[in-house]
Amino acid sequence: MKVSRVYNVLAAGVVALLLAASVPVGAEEKSRMDVVLERGKLIVVTLTTVPPFAFNDDKGQLVGFDIDIARLVATALFKDPNKVEFVSVSAEGRWPAIESGRADMGVGGTTTYPDRAIRVAFTRPFVDSGISVLVSKKSGIKSLKDLDQEKFTIANLNNPQMADRAKRFFPRTKVLTFDTPSAQFLAVKSGRANALQIDTPAAEYWAAQNKDEMDVLPGLLGASQNNGIFLRTGDFKWWLWLDTAVAEMRTGSWYPQYSEIYHKWFGKNPPPQKFYNPQ
Amino acid sequence: MGFARWAAIYGPTYATGLAWTAATALAAAGGAIVWGCVLLLIRLSAGRWGALGVDGYVQLFRNTPVLLPIYLIYFAFPMIGLPWPAVVCGALALVLQNGAYVSEILRGSMNAIDRVQFDAARSLGLAPWNTFRKIVLPQVLVYSIPALGNQTVLLLKDTSLLSAISITELTMQAKLLTEQTGAAYEAFIVVALLYLLLVSGTEVVFRASHRAVRWR
Amino acid sequence: MPPGTLQLLAQGAIVSLLLAASAIVGGTLLAIVLAVMAFSRLAAVRAAYRVYVYVVRGTPLLVLALLLFYALPALDLRTGPYIAGTLVLIIYTAALFAEVFRGGVLAIPRPQWESARSLGLPPLAMFRKIVAPLVTRYTLPPYVNVCVMTVKASSVLSIISVWELTLAAREIIERTFAVFTVLGLAAAFYFVMCFGIDRLGRRLERHLALRGFAGERA
């Protein structure tokens, strides 16, 4: 027994040394923008199971609204929508991929939240979103209030905003936590959970694909939200360019291309370019 | 913020995770030992087909990763009308997997029992079930304590995989804290230290039991 | 069975095998270094070895992988899931292999050491002609066992989104809900790989014993 106590102390010592050695390195001098232009290719981190934002179709190809927006960004940089490499991660893997520099930017139904913005920077929104609740018809839940009962279970994604919403809107419901939206969906489909919360377009997509089994509850959980491109904080040059690109897509010269993508995935016109009538 | 301050603030939140890990590991370890004994009994008493069946079972679980039965039981059982709670599913997968290894450990220890004892038991007129219960099992278990301790440690570490089916044990706790506070380093170092603690504790318990029975 | 399942699973299996292979190669090399440390004359070096093995064997592989994958950005290192995954597997298997090697060396009967020394052989020749063949004979079965464990351990990397057989199966299931079929097929792939390695190991054992490499004639 004495021997393992020695090991405990030694292990703690090693850990202490590791912690002492991990002094943060100085900030990068070069902007990501220059790195990307030099490389000739854009590396984008994304979730891959949030239809219609980013998901694999039947042929196993990564497609979606966010994917097409990322390709539009690549077109703006390199005149070629194929100069993109996608890195697929689970929900909590998005931030390390950006922080470690593995990816230049990220998409995938990612909503802008102030606490998230401490770790990664967001451009202005390229699409509006909101959080809806998808329920299985078998559970008989017809409204958000019905869901708030101890006998029901909701499937969350493992981010703090989902946990907060669950506590705020359904304090009595049991909570399951998964690391990808498709795992949440599998939980509802297999009966592990009665409901899940996810971006409205994703909920509506799944409900449309499973008309007999699933339904989207009316109303949003909280306010209408913003989905933006996220990138590493502190890199003003890169953020400014990406934000300019998004601005031009939604309200300026790239509106036609943006409209086309919007139409393809949502089947309707995007919000108008300007709130006044441009001359 | 410094590691010590972070640990002081968020340390207590690990308590639930620690409790779940310890409880699940304990239950699954107990279940695996029982199941391993049952498998041994089948091997001994069901003739050639019994032995072959147990062999096949053992080979299946030795050559497949434990994540597969965990996913299978958790996601597929509700589809066939068995919506057991996540802990039960996870523990069951661990029991099935580790039971295979336990039965092999026990089988190895059986060779340590002198053949003479079997003949003596038969001459006394003991039924096979009683032979197993009174003579084989106690000795085999006692001989196997070190190896069973090793297997329990492996099972303890495998409980971290239960985070994939949404059980709030230690690893899941660390992931949630990482998301909440952005402090990945601190969160996982604390969890690693807690696991080392649990592992050391288990080894201490088994070493003590080994010494206690050897004395006899 | 959903279309394309077999192809995707087969691709995943190949990735798992490649991950395991890199980990086995890297792990063996690191393990040799570690095993040498284990027998060092300096107490501090031996202690470092024991701490390494204690920490790596006492922490779940998933926690080690998450630590490496999520905490590395704190050290400003750029890695993707594959590199982090292979690294953690190498660290993990090195500890296991090192213990196997150490056990093998310790299992050599004393008389062998003494007769080797009395022969006045230089250390390198002693290693080549006496230690290595004996260690190989004693360590081949546990070595093959660790190789099988490495293939199984690669499935844990699916949780840090390394695309390999388990993640491939999970993606198909989450898309098509054919849980039993797909998991059954994935299990079959793993079984073939692991059982195959085990059988190959046994054939190698017999082969080496026959060729007298194990230090005794057939």
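Since the model is a prediction, treat every value here as computed from it, not as a measurement.

Glancing now at the overall build of chain C. Secondary structure assignment for chain C yields eight helices and zero strands. Listing every helix and strand of chain C by position from the N terminus yields α-α-α-α-α-α-α-α. Counting across all 218 residues of chain C, residues that qualify as buried make up 42%. A sequence separation of at least 24 residues applies to 77% of the contacts in chain C between residues at least 6 apart.

Residues and elements named next belong to chain A. An order of 11-10-12-9-13 is seen for the five strands of this open sheet, with the pairing classed as mixed. The open sheet terminates on both sides in strands that have one partner only, identified here as strand 11 (174-178) and strand 13 (214-216). Neighbour-to-neighbour, the strand axes of the sheet open up by a mean angle of 30°, direction not taken into account. Relative to strand 13, strand 9 (residues 131-136) runs antiparallel, the two being bridged by three bridges. The residue bridging leucine 134 from the neighbouring strand is valine 216, located in strand 13. Its contacts with the sheet place helix 6 (residues 160-169) against strand 9, strand 10 (153-157), strand 11 and strand 12 (195-199), and it is angled at close to 155° to strand 10.

With that settled, consider the nonpolar core. Judged by nonpolar contacts, the single largest core of 203 residues is most densely connected at B:Ile70 and B:Phe188. For this core, the two domains that each supply at least three residues are domain 1 (32-128 + 226-266) and domain 2 (131-222) of chain A. Setting aside anything within four residues of it in sequence, one finds B:Phe188 in contact with B:Ala174, C:Val63, C:Leu66, C:Leu67, C:Tyr70 and C:Ala71.

Moving on, we come to the packing of helix 3 (residues 65-78) of chain A against helix 10 (residues 255-266) of chain A. Residues and elements named next belong to chain A. Running from N to C, helix 3 and helix 10 cross one another at 160°; their axes reach a closest spacing of 10 Å. The angle between helix 3 and helix 10 places the two elements in the roughly antiparallel class. Crossing of helix 3 against helix 10: the hand is right-handed. Each of Phe65, Asp68, Ile69 and Leu72 in helix 3 lies in contact with helix 10, whose residues at this interface are Gln257, Ile261 and Trp265.

Turning our attention to the interface of chain B and chain C. Facing the 26 residues of chain B at the interface are 26 residues of chain C. Those elements giving two or more residues to the side of chain B that touches chain C turn out to be helix 3 (47-62), helix 4 (67-76), helix 8 (170-181) and helix 9 (184-215) of chain B. Partitioned by chemical class, the residues of the side of chain B that touches chain C number 19 nonpolar, six polar and one charged.

We now examine the domain arrangement of chain A. All names here are of chain A. Domains assigned within chain A are domain 1 (32-128 + 226-266) and domain 2 (131-222). The gap between the C-alpha centroids of domain 1 and domain 2 is 26 Å. At the interface, twelve residues of domain 1 touch twelve residues of domain 2. Class assignment of the residues belonging to the side of domain 1 that touches domain 2 gives a composition of eight nonpolar, three polar and one charged.

So, about the pairing of strand 12 of chain A. Residue and element names in this part refer to chain A. Burial analysis of strand 12 places five of its five residues in the buried class, the great majority of the element. Two elements, strand 9 and strand 12, share five bridges in a ladder whose sense is antiparallel. When the sheet's bridge partners are listed, serine 132 is paired in strand 12 with isoleucine 198. As paired strands, strand 10 and strand 12 are joined by two bridges and run parallel to one another. Residue pairing across strands places isoleucine 154 opposite alanine 195, the latter belonging to strand 12.

Let us look at the sheet that holds strand 4 (residues 62-63) of chain A. Residue and element names in this part refer to chain A. The three strands are arranged 2-3-4 in an open sheet whose pairing can be described as antiparallel. In this open sheet, the two edge strands, each paired with only one partner strand, are strand 2 (49-50) and strand 4. In terms of strand pairing, strand 3 (residues 54-56) meets strand 4 through two bridges, oriented antiparallel. In the sheet register, asparagine 56 faces strand 4, and the bridge partner there is leucine 62.

Okay, the environment of B:Lys175 next. Within the element layout of this structure, B:Lys175 appears in helix 8. Beyond its immediate chain neighbours, meaning those up to four positions away, B:Lys175 contacts A:Glu92, A:Asn158 and B:Ser163.

Here the bond from A:Pro51 into A:Pro52 is cis, since omega is -5°, no more than 30 degrees from zero. Summarising the element assignment, A:Pro52 is placed in the loop between strand 2 and strand 3. Non-glycine residue B:Ser166 carries a positive phi angle of around 70°. Tracing the backbone through its elements, the reader meets B:Ser166 in the loop between helix 7 (128-158) and helix 8. Taking the number of C-beta atoms within 10 Å as the measure of exposure, B:Ser166 has 24 and is therefore buried.

Cut-offs and rules
- Residues numbered from 1 in each chain as written.
- Chains lettered and ligands numbered in written order.
- Predicted model: local features only at pLDDT ≥ 70, side-chain atom pairs only at ≥ 80, totals over all residues.
- Helix = DSSP H or I, 4+ residues; strand = E, 2+ residues; numbered from the N terminus.
- Buried ≥ 20, exposed ≤ 12 C-beta atoms within 10 Å, placed from the backbone.
- Contact = placed C-beta atoms within 7 Å.
- Pairing = 2+ DSSP bridges.
- Axes fitted to C-alpha atoms, helices over the stretch in contact; angles between N-to-C directions.
- Core = buried A, V, L, I, M, F, W, Y, C linked by C-beta atoms within 7 Å.
- Domains from an automatic or database assignment.
- Parallel < 35°, antiparallel > 145°, perpendicular 65-115°, else oblique.
- Left-handed = near helix turned anticlockwise from the far one by under 90°.
- Nonpolar A, V, L, I, M, F, W, Y, C, P; charged D, E, K, R; others polar.

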